[in-house]
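Residues per chain, in single letters:
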6 protein chains.
Amino acid sequence: MRFDEAYSGKVFIMSNPNYEDAKAVIYGMPMDWTVSFRPGSRFGPNRIREASLGLEEYSPYMDKHLEEVNYFDAGDIPLPFGNAARSLDMVEEYVDKLLADGKFPIGLGGEHLLSWPIFKSMNKKYDNMAIIHIDAHADLREEYEGEVLSHSTPIRKACGLIGPENVYSFGIRSGMREEFQFAKESGMHMSKFEVAEPLKKVLPTLAGRNVYVTIDIDVLDPSCAPGTGTAEAGGITSKELLDAIMSIAESNINIIGADLVEVAPAYDPTEQTQITASKMIREIILGWADR
Amino acid sequence: MRFDEAYSGKVFIMSNPNYEDAKAVIYGMPMDWTVSFRPGSRFGPNRIREASLGLEEYSPYMDKHLEEVNYFDAGDIPLPFGNAARSLDMVEEYVDKLLADGKFPIGLGGEHLLSWPIFKSMNKKYDNMAIIHIDAHADLREEYEGEVLSHSTPIRKACGLIGPENVYSFGIRSGMREEFQFAKESGMHMSKFEVAEPLKKVLPTLAGRNVYVTIDIDVLDPSCAPGTGTAEAGGITSKELLDAIMSIAESNINIIGADLVEVAPAYDPTEQTQITASKMIREIILGWADR
Amino acid sequence: MRFDEAYSGKVFIMSNPNYEDAKAVIYGMPMDWTVSFRPGSRFGPNRIREASLGLEEYSPYMDKHLEEVNYFDAGDIPLPFGNAARSLDMVEEYVDKLLADGKFPIGLGGEHLLSWPIFKSMNKKYDNMAIIHIDAHADLREEYEGEVLSHSTPIRKACGLIGPENVYSFGIRSGMREEFQFAKESGMHMSKFEVAEPLKKVLPTLAGRNVYVTIDIDVLDPSCAPGTGTAEAGGITSKELLDAIMSIAESNINIIGADLVEVAPAYDPTEQTQITASKMIREIILGWADR
Amino acid sequence: MRFDEAYSGKVFIMSNPNYEDAKAVIYGMPMDWTVSFRPGSRFGPNRIREASLGLEEYSPYMDKHLEEVNYFDAGDIPLPFGNAARSLDMVEEYVDKLLADGKFPIGLGGEHLLSWPIFKSMNKKYDNMAIIHIDAHADLREEYEGEVLSHSTPIRKACGLIGPENVYSFGIRSGMREEFQFAKESGMHMSKFEVAEPLKKVLPTLAGRNVYVTIDIDVLDPSCAPGTGTAEAGGITSKELLDAIMSIAESNINIIGADLVEVAPAYDPTEQTQITASKMIREIILGWADR
Amino acid sequence: MRFDEAYSGKVFIMSNPNYEDAKAVIYGMPMDWTVSFRPGSRFGPNRIREASLGLEEYSPYMDKHLEEVNYFDAGDIPLPFGNAARSLDMVEEYVDKLLADGKFPIGLGGEHLLSWPIFKSMNKKYDNMAIIHIDAHADLREEYEGEVLSHSTPIRKACGLIGPENVYSFGIRSGMREEFQFAKESGMHMSKFEVAEPLKKVLPTLAGRNVYVTIDIDVLDPSCAPGTGTAEAGGITSKELLDAIMSIAESNINIIGADLVEVAPAYDPTEQTQITASKMIREIILGWADR
Amino acid sequence: MRFDEAYSGKVFIMSNPNYEDAKAVIYGMPMDWTVSFRPGSRFGPNRIREASLGLEEYSPYMDKHLEEVNYFDAGDIPLPFGNAARSLDMVEEYVDKLLADGKFPIGLGGEHLLSWPIFKSMNKKYDNMAIIHIDAHADLREEYEGEVLSHSTPIRKACGLIGPENVYSFGIRSGMREEFQFAKESGMHMSKFEVAEPLKKVLPTLAGRNVYVTIDIDVLDPSCAPGTGTAEAGGITSKELLDAIMSIAESNINIIGADLVEVAPAYDPTEQTQITASKMIREIILGWADR
C-alpha cells in the first residue's frame, strides 16, 4: 500500500525494493559526532538520494543502464546520537551481515571515521586487501585532541589494520606535518594534489587484488563541492573524479566495496554537492558493483 | 531488512509501518504544474516529513502524545509530471480507497488544486458535508487564463459541488474583484484577514456536521511562511493558526479529513516553513484524526 | 516593437506606458552611497517592480482595482554613483517636473536621505505642508560623523524646512539620545514603537492639510522585512502597516505624494521584503494617489 | 599596537578594554556538542558581537546610553571541542572568578546546557536564589537518550539545585509529556506559550530576591529567530521579549546575572537572529547590569 | 519621459533603444512549462540583463567594444503561462519577423524546447543550414513521458528538420541510451564531454555554411553554473566555453543566429550563473552578431 | 583576563599576541566606499580570519608549519566610513610604521584602491621596486566617472609611481579598451587570462629585485570565488593560484610585502571564498613572509 519509492527521492533512483535479490546494497551512515569544524554530514545520505532523482539512468561514461544492476537501498542505519563507539559497532555489524549475504556494500556518509568499521569488516572477509583512499585530507592522525575516534584518523587505523604498504592515498593536500612524515616513512603510498594520473599508474600494480575504495567528497575543489565540513582550496574537478572512477572500473582489480563520505548539504544552497555525489554513486553502481 | 523509518525523516515522525492498523493516513501530492508565479510545492511533502524529525512527540496544546494515534505515512502518490487531469484522477482514486478502508486522510501538498479531487471523494462518502478553508487567497476563480484546472479555482469548484452555503473561508486577503463579489452574492461564508476569532464564532453553527478542512500555508504571514509560491503580506501568525487548529479540535464538528498545501521549500533557506507545517500536521494528527 | 512591459516585472504591474495621461508616477532612486552599515538599497526599486508581478490587481482592503488608476512607471533616475549631492539635486529636479506636470509622485528608494530633496520640492509647491514619517529610526541627526548628507538626517532637515511642529513620526524605536531629546523639545510629534493606533489619533488633527508620507520599510519588524540595511528588532507587523495605510486613505487629509525607502534585497533570500513592499505600493496607488 | 577593538565587530559595541574597572562582563561559550538536531550555536557569540555594530548606543526603551555602563567583553572561553564535562567545568570556574571579582556576568551561548554550570556558580555565591527561564522548551528532562549532560536538561538540574519552587519558566511550548507533568507536580512555576503577561504577574512575588535570568532565543517565533537549532512555531515576537526585559528592569528584584543562548547563525541567511539577539543584550546591559 | 534604460539592468547593457537601426536583436523567452525536475528558467532573461550591468563594454577576447555593434533588446515575449504549443508558435512568429527585418536574433531562455521554433524559422529563411549544439544533455528524445513538446526533444526535432548529418553536438554527458544510439546511427555528429577541442576540428568543415548556434548553460560544470534546472557534474569551465565562442567567431562559417538557454537564477544565490551568461552574450554580440 | 584569541576566530590562526617579536604583521583594511557594483568587501578581513580556523597549520605545498613564522594580527585599521582620502592616508601611515619597525606587511582588503597607499609607502622604503599584480581586472583607469580615487585605478597609479616597466600584471581578462591600450603602449607587462605559466617566465627576470605582490581574489573564476564585488567569468582555478604563490616562494626575488583584496563574503553563502582566501594567506605567510 506504500507507493513505489524507486522514483520518490527517498531511496536512490531505480533501487530494487527487495534486499534478497540485490547484488549491491546502498546504506546510509548519518553520523557527524566527531567533526570539529562544521558539522552536518549526518544529512548527507538523504540528500544524495533525493538528488539522484535528477539523474539519467543511463551512463555514457560506462555505457550502461541502472536497470542492468540489481541494487537495494537499505536506508540509514539508525546510529545513536553522540555515541561514536556504539555507532561504529553498528556499522561494522551491518557490513558483516551484508558481506555474509554476498552483497557489494556502498556506504553513504556521514563523516569519514565511518570507513573504519567498514575496513575492519572487509578485512575479516577478504584476504590480501588493499585500500584506495581519495581525499583532500591525509586522515593519518593517531588521535585528535586526545580522542582516538576522530574523523582525522581512519586511514592511520587502516594502515595499522592491513599494513601501510597496502594503503594508497590520492589527492591529499591537507594534514599535519606528522601525517605527511608518516606517509613518507611508513611505506604507504600517497599522491599529493592529483588523483587521476597517479591512480592510473598505480592500478596495474593492484591487478587481481581485493580493493576497497573510500572517497571523501572534499577531494573535489570547494567550487565543485562546497557542501562539506572542511572544504579545502586547490582540489580536483568533478571531471577528474569521474575519470578516476572510470579508470578503476576499467582496471583489473577486484573491487569489494566502496563508500562516499562527508557530504554536508547545509553549506551548499546550490545543491551541487549532492547532485555531484549522486552521479558518482551512479557510476560506482554501474562500474564497480556489477562486474 | 530496511531500517525502521519512523525516525528517518523519510516518513512523518513515529508513523506506523502498517497501513492496515492505521486510523489515519498521511499521503503526499507532489504536484505544482498549474502554478503560475513561483513553482516548487512538489517538494513540500518530503520536506515536511524531514522537518518532523525535530518535533517533540507530545503536544502541550492538545496534551496528547503521537503514540496515542495510529497513523501510516503512505509516501507520495506518483503523480505524472505535467498532466494535471490525470494527477487529479489519481488523487481522487486514492482518497476513495482510503475512505473505503475507513481511514482519516491527511493530504500534504503540492498546489491547492489538489484539494479539488479530495472534495469530490469526500462528497461521495459523506452526506451534508461542509468545508472549512483557511487561506490568504479566495481561490474562487472559474478559470485562470482559460484553464479550468488551476490552483486559483478549487474553492469555486467546491461551491459548485456542495453549495456555496456550505463553504467557510477564513483569512482571505487576496483575490480578484469578481471572487470577492461571488463570495458576497453566492451565500458562501468568507472572513477576510482574520482566522481564529471568526472561526470560533462559526464552529458552533457547524456542530455535528461532517467537515473537511483545507489549509493553505500562505494564510500565514510571509514572515512565518516565506516558503510558498504566492506569499502575501498581512497574514496571521503561526500562533493564531495553532489557536484555530485547537478550536476545531475542541469543537463539536465531525472532522472527516484535512490537507495542508502550498509549502514550497526552495524559497525559504531558513526552513521555518516546513518546520511550522510539520508542527501543524502533528496537531492535526493529535487533535483531529483521533476523536 | 518592444513588448508590452506592464506584465514584465520591469515596470510596476499594470502601469500605463504613457506619461502624459498618468495621474501618478512611480520613480526609482537607486542610491545607497551614504549608508554606513549594510549597503544594497540601490537595487530596491527594481526588485519591488519585479515582485509586483505576483500581486493581484484588486485590493480587498481598498475594494479597488489597479485599472481604476492611471499611473506611469518612469524607471530609475540615473543617479551618479558616489555623488550624493548631485544625486539629490537630480531627484529634486525630477520631482519639481512631476509636480509642475500635476503628477502624484511615488518614490521608491534607495536610502532615506533621498526623501530630503522630495521634501524640498514638495514645499516649493504646497503651502502648509505636513510630513508623516513612518520608520524605526528617528533620522533626526544633524550630521553623521561630520557628514550632513547622511541617511540619518532627513527628518531633522525636514524639521528645519517646514517647522518641527509639522513633522509627525511613528514607530520610532532607534536613535541617539540627542535625537529623542530634540523630538521632545522641538515641538515635533513622535510616537515611539507603535504606528497604527497613534496615527489614527493624529489624522483628524491634520484634516484638510497637505501631507506628504515617507515610509522606511524598516519600521516593520525584521521578521517581516529582513531585506533592509539597518534591521531593528521590535518592529510592527505588515498587518499593522497595511492598517496604517488604510487609515490614511480613509482620512480627510490631502495626500500630496509618498515614498517607500530602504528595501535592500540582498539581505533577504526569501524575497518577502520586496513582496511586502510591492503590496504597500499597490495600496498607496489605490488609496492615496487617486482621490 | 593592536587597533581598538571597540568598533571592530570583535567585541560587543562600546565595551571597555579593561576588565578591572568593569561592572559587567560579557563572555562567550562556543559549545554545541550535545545538540541532537541542528548544531551551530558555537558560532553564536561572535555573530552577536558582530551584529552589535549596527546598534545605536542609546536605548529609547530604557532611556539610557551604553556609555553609562562600564562593561568588558572577555571574548569566548576556549572550550575543548567535544568534551562537554570539561567545558562545563571551565564555565563554572570562570563564572566563579567573575563573581569573586564582583562582576555582573552576561553569558552568550552556545547551547542551553551551558547555563547549568552558571546556575551552580551563582548558587554558591547567592542565598535564596530564583531563576527566571524564558524559552520555547521546558528543558526539564532528566537525560536525553541516556546522556545526563544534554541541552534538554538544564532546568531540571536547576530544580534539583535550588528547589523547583524557585524556578519560573515562561513561554514554554514544547517538551515531553513527562516534563510538563514534572512542572505541574514538582511545585515549579511554568507559564505556557506566553511570556510578558505572566511574567508581570510573577515579578512582584520575587521582590527583593536574588534572581538569575536565562533566555533561550528560541522562545521567539521562528519568524523572529530562524537562526537556532530547534525552531518551534507559535512563539512570541521580539516586541514581547523586549517588553519582558523591560518589566524585569523595572521590577524590584535583585538581578544577579543573565545569559542568552542557542543563537545558531548558519540557519539564518538574513542575519536577523543575531541582530535581534544583540539588541536584547544591549537592553540587558542597560536595564539589568547597572542598577 | 522614461529614463534611459541602457544602464538600468532592465535591458542588456548599452542596447540601442531603436529597433529599426539595430543589426541584432536580443529577445527573452520566459518559459519553463515543460521542465520536469527544477523549474525557474522563466526568470533567466531578466537576470542576465541585470547582470550585464556589471560587465565592461570592451572585450579583450574579441578586442571590440559594444558601441561598435548596434543591437536592440526587445524584452521578453509575453508567452502564455502553461501553454507550450502557443508559446512556441509565438516564438516562431517573432523570429520570422526578425529575420524578415534582416536582424541577427539572440534568444535568451527559458527552457531548451524554445530553440525548436527558432530552428524552424531559421530553416525557412536559410538554405543548407547547420546547427551547432553545445549542451550537457543530448536532447534527442522523441518524447518525454508521452509528451512530444518537452525540453528533452529539441535536437531530435532538429535532426528531423534539417537532417541529422547537419547537426553537431558538443559537450554531451547525459542522456538515455537510446539517445546516444540515435547519435551513433543517424549520422549526426556528437562529441561527448569536451567542447573546445572537437569544435575546432569541426569548424573548418562548416566553412561558408549557414550555422545557427544553441548553447545550454548547463554544458558548464555545476561549479560554474549552479543556476540551472538539471545541473550535471563533469562539465566544462567557463574558460573553455569562452574559448569555443572565440573559435566560432574566428571561423569561416556564416553565423545566422544564436540562443543561450536554461539559466534558472533561483538555484544560485551567488548569482555567478547569470554573471557568466551575460558575459557569454557580450561575446556573442561582439563576435557573432557583427561580422 | 581576555581569553587567548589565537583560536577564537578573531585573529588569523596561530598569530602571535606580541607585535614586537613579530616578523610579519597581518592588518585588515575594511573599506569598500569607492566600489560601484556590489559593495561588501569591508567585511572581508574578519571573515578570512574566521575561516582560518578551519586550516591545518602545516602546508604540504611549502612543507612548513605556521609555528615556524612569528606573525602578529593587528586587527582592522579603523577606517572612517565614506572618507576615501582619509582612509588611504591612514593605511599609508600604518604601513610606514610597519616598515619602520622592520615588519613584513600582509594586508587584507577591502577594495583594491587600498593597495595604492601601500605602494606609496613601499616605494618610500625600497629602491628599485617592482609590483606583481594578479587580478581579473586591469585597474588601469585614470579615473572612474570623474573620481580619481576609485577601485579601478590603483595599477595606473602604480605605473605613475614606479614606472610602467616595473609593473607586471597577470590573469587580466576585463577592462576598458583604453586600459589594454595603455598596457600595450606604456611598457608595462600584462599577461592576459593566464597567471602561473607567464609568471614562471617573468620571475627569473626579477631575480634580486624588491617585489611587492597584490592579489585581487577575483582573479579566480567565479566558481572558486563567488564572494567578490565584480566576479568575472573565465578565471583561473585556486589550484593555479596556489601554483603561482609557490612559484614566487621558490623564486629569487626579494618579496617585500603582499596584500589580498576584494573578498566580499555576502555574495557567497557557501563561504568558500574566505576559506580559499585564508589558505592563500597561510601560504603567503609560510612562503613569502619568512625567507
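In this text, all values refer to a predicted model and were calculated from it rather than measured experimentally.

## Side note on the pairing of strand 10 (residues 254-261) of chain A
Residue and element names in this part refer to chain A. Counting buried positions over the 8 residues of strand 10 gives 7, a clear majority of the element. Note that strand 9 (residues 210-216) and strand 10 share 7 bridges and pair parallel. Each residue of the ladder has a partner; that of D216, found in strand 10, is V261.

## Quick word on the interface of chain A and chain F
Counting from both sides, the interface comprises 27 residues of chain A and, opposite them, 24 residues of chain F. Interface area for chain A against chain F, summed over the two sides, is near 2,000 Å², with a carbon-plus-sulfur share of 55%. Between the two partners, chain A and chain F, sit 4 salt bridges. For K239 of chain F, the salt bridge is made with E194 of chain A, and the minimal N-O distance between the two is 3.3 Å.

## A short note on the environment of D243 of chain A
Residue and element names in this part refer to chain A. Position of D243 among the secondary structure elements: in helix 7 (residues 238-250). A C-alpha to C-alpha distance of 25 Å links D243 and G28, two positions 215 residues apart in sequence. When sequence neighbours within four positions are dropped, the list of residues in contact with D243 reads A196 and K200.

## Quick look at the UniProt feature "binding site: Mn(2+)" (unreviewed entry) in chain A
Residues and elements named next belong to chain A. Summarizing the sequence annotation, UniProt attributes the feature "binding site: Mn(2+)" (unreviewed entry) to H112, D135, H137, D139, D216 and D218 in the numbering used throughout. Taking the farthest pair of C-alpha atoms as the criterion, the annotated set spanning 107 residues converges on one region, since that pair is 12.2 Å apart. Mapped onto the elements, H112 comes out in the loop between strand 5 (104-109) and helix 3 (115-125). The class of H112 is buried, set by a relative accessible area of 0%. Once residues within four sequence positions are removed from consideration, H112 is found in contact with H133, D135, D139, H151, P154, T214, D216, V261 and E262. Look past the residues within four positions of D139 in its chain and what remains in contact with it is H112, H133, H151, S152, T153, P154, I155, R156 and E179.

## A closer look at unusual backbone geometry
Cis geometry marks the peptide bond from G109 of chain C to G110 of chain C, where omega comes out at 5 degrees. In this fold, G110 of chain C is placed in the loop between strand 5 (104-109) and helix 3 (115-125). Phi is positive for D139 of chain C, close to 55 degrees, though the residue is something other than glycine. Looking at the element boundaries, D139 of chain C is found in the loop between strand 6 (129-134) and helix 4 (154-162). Phi is positive for D63 of chain D, close to 50 degrees, though the residue is something other than glycine.

Reading the values: rules and limits
Residues numbered from 1 in each chain as written. Chains lettered and ligands numbered in written order. Predicted model: local features only at pLDDT ≥ 70, side-chain atom pairs only at ≥ 80, totals over all residues. Heavy atoms only, no water. Buried < 20%, exposed > 50% of the residue type's maximum accessible area, 1.4 Å probe, protein only. Helix = DSSP H or I, 4+ residues; strand = E, 2+ residues; numbered from the N terminus. Pairing = 2+ DSSP bridges. Contact = heavy atoms within 4.5 Å. Buried area = accessible area lost by both parts, 1.4 Å probe. Salt bridge = Lys/Arg side-chain N within 4 Å of Asp/Glu carboxyl O. UniProt positions renumbered as here; feature names shortened; annotations may be inferred.

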